[in-house]
Amino acid sequence: MRNTFKTALLAAALLTGSGSAMAEENFFLWLVNFTRQKEVQPVDNKAWNEECGSCHLAYQPGLLPGKSWAKLLDEKALADHFGEDASLDDDTLKALRVYALENAADKSWHKRSRKIAQATADGEAPLRIVEVRYIKRKHHDITEKMIKGNKDVKSLSYCNTCHTKAEEGIYDEDTVDIPNFGGHDYD
Amino acid sequence: MKLQKIVMTACMLLATSAAMATPATDGLFSRYKAQGAAGFDAARGDKAWHKETQGEDGQTMSCSTCHGKDLGKEGKHHKTGKVIAPMAPSVNKDRFTDAKKIEKWFKRNCNDVLARECTAQEKGDYLKFLLDK
């Protein structure tokens, strides 16, 4: 009897969860798909790739929660984007903002984005992806000499320097190659 | 025979003049003039392009900091390391074909290197200098 109750509860929870899952795609498609949802949703927006990608990796919207993108993709904020002027015309900015907010970590069902969403649910919106608690924890064993002291890396912010499939939204350990250090069993 | 030579020369002249301007830059030159700029000068653009200004951390910077010394080759963003396609239209046919893009980067890069927006005169001089490359 107790087990039946638990199953019913679980089913109810799944069903109520489906509403927000629709934001990404059909919930039932998501439910039966075990491969596509592990990482971060790849960028599927031409303007995003062009505008963000002309200066740095076009970081996937699923790497930060919506509240972070809302702060970053603002006219005033972009005029001083980590020390650089990254101003955009109004129409482009509006379109990119919509894209970011619709695909932000807290709207995504991709596993890595879910973790980022959880890690940033409370408190201030991080402006840098490397400030996200989950991302920090994942890099705790990466020493200074591999990043700052490594002339071919310089900063943790340049994901694609070591994450060879970052552009496809894939960040798992097996795809890591740290310049001058190698794969993930570098120590 | 003589006619052929004349035609050939005419074609070559046309080809060189075509490489030195695009419909996009023609439009920009007249816009800059309407904004008060007088004639444009490649030599002045050259000088301004290479002028060193005070950057961050006590280092100086100029346009070459990111675009590189040889405009026919790729440049590299000084912070992110992102590759910047060559500026010279002689090797990069896509350069200076989109007025909106040119204006976007003038705004950003003038602010980053000079800490202010460029005047119409300055932008025209830069363009004149770059179109010859």
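In the block above lies the structure referred to throughout.
Residues numbered from 1 in each chain as written. Chains lettered and ligands numbered in written order. Predicted model: local features only at pLDDT ≥ 70, side-chain atom pairs only at ≥ 80, totals over all residues. Heavy atoms only, no water.

Trainee: Outline a negative patch on the surface, listing residues and values.
Mentor: On the surface, a cluster of negative charge is made up of A:Asp74, A:Glu75, A:Asp90 and A:Asp91. Along the chain, the position of A:Asp90 falls in helix α6 (residues 90-103). (Patch = residues over 30% accessible without salt bridge, like charges linked within 9 Å, V, L, I, M, F, W, Y side chains within 5 Å. Areas by Shrake-Rupley, 256 points an atom, 1.4 Å probe, with all protein chains shown as cover. Salt bridge = Lys/Arg side-chain N within 4 Å of Asp/Glu carboxyl O. Lys, Arg positive; Asp, Glu negative; His and termini not counted. Charge placed at Lys NZ, Arg CZ, Asp CG, Glu CD. Helix = DSSP H or I, 4+ residues; strand = E, 2+ residues; numbered from the N terminus.)

Trainee: How would you sum up the state of the cysteines? Please name residues and give values.
Mentor: All names here are of chain B. A full pass over the atoms with the stated rule returns one disulfide over all chains. Across a sulfur-sulfur distance of 2.0 Å, Cys110 and Cys118 are joined as a disulfide pair. What sets the handedness of the Cys110 and Cys118 disulfide is the S-S torsion sign, and at about -95° it is left-handed. Judged by its relative accessible area of 5%, Cys110 falls in the buried class. Judged by relative accessible area, Cys118 falls into the buried class, the value being 11%. (Disulfide = S-S within 2.5 Å. Buried < 20%, exposed > 50% of the residue type's maximum accessible area, 1.4 Å probe, protein only.)

Trainee: Residues and numbers for the packing of helix α3 (residues 42-50) of chain B against helix α6 (residues 120-131) of chain B, please.
Mentor: Residues and elements named next belong to chain B. Viewed as axis vectors pointing N to C, α3 and α6 meet at an angle of 100°, and their least axial separation amounts to 7 Å. One finds that α3 runs roughly perpendicular with respect to α6. Residues Ala42, Arg44, Gly45, Asp46, Ala48, Trp49 and His50 of α3 pack against Gln121, Asp125, Tyr126, Lys128, Phe129 and Leu130 of α6. For the contact of α3 with α6, the class distribution of residues is six nonpolar, three polar and four charged. (Axes fitted to C-alpha atoms, helices over the stretch in contact; angles between N-to-C directions. Parallel < 35°, antiparallel > 145°, perpendicular 65-115°, else oblique. Contact = heavy atoms within 4.5 Å. Nonpolar A, V, L, I, M, F, W, Y, C, P; charged D, E, K, R; others polar.)

Shape is all these values report; function is a separate question.
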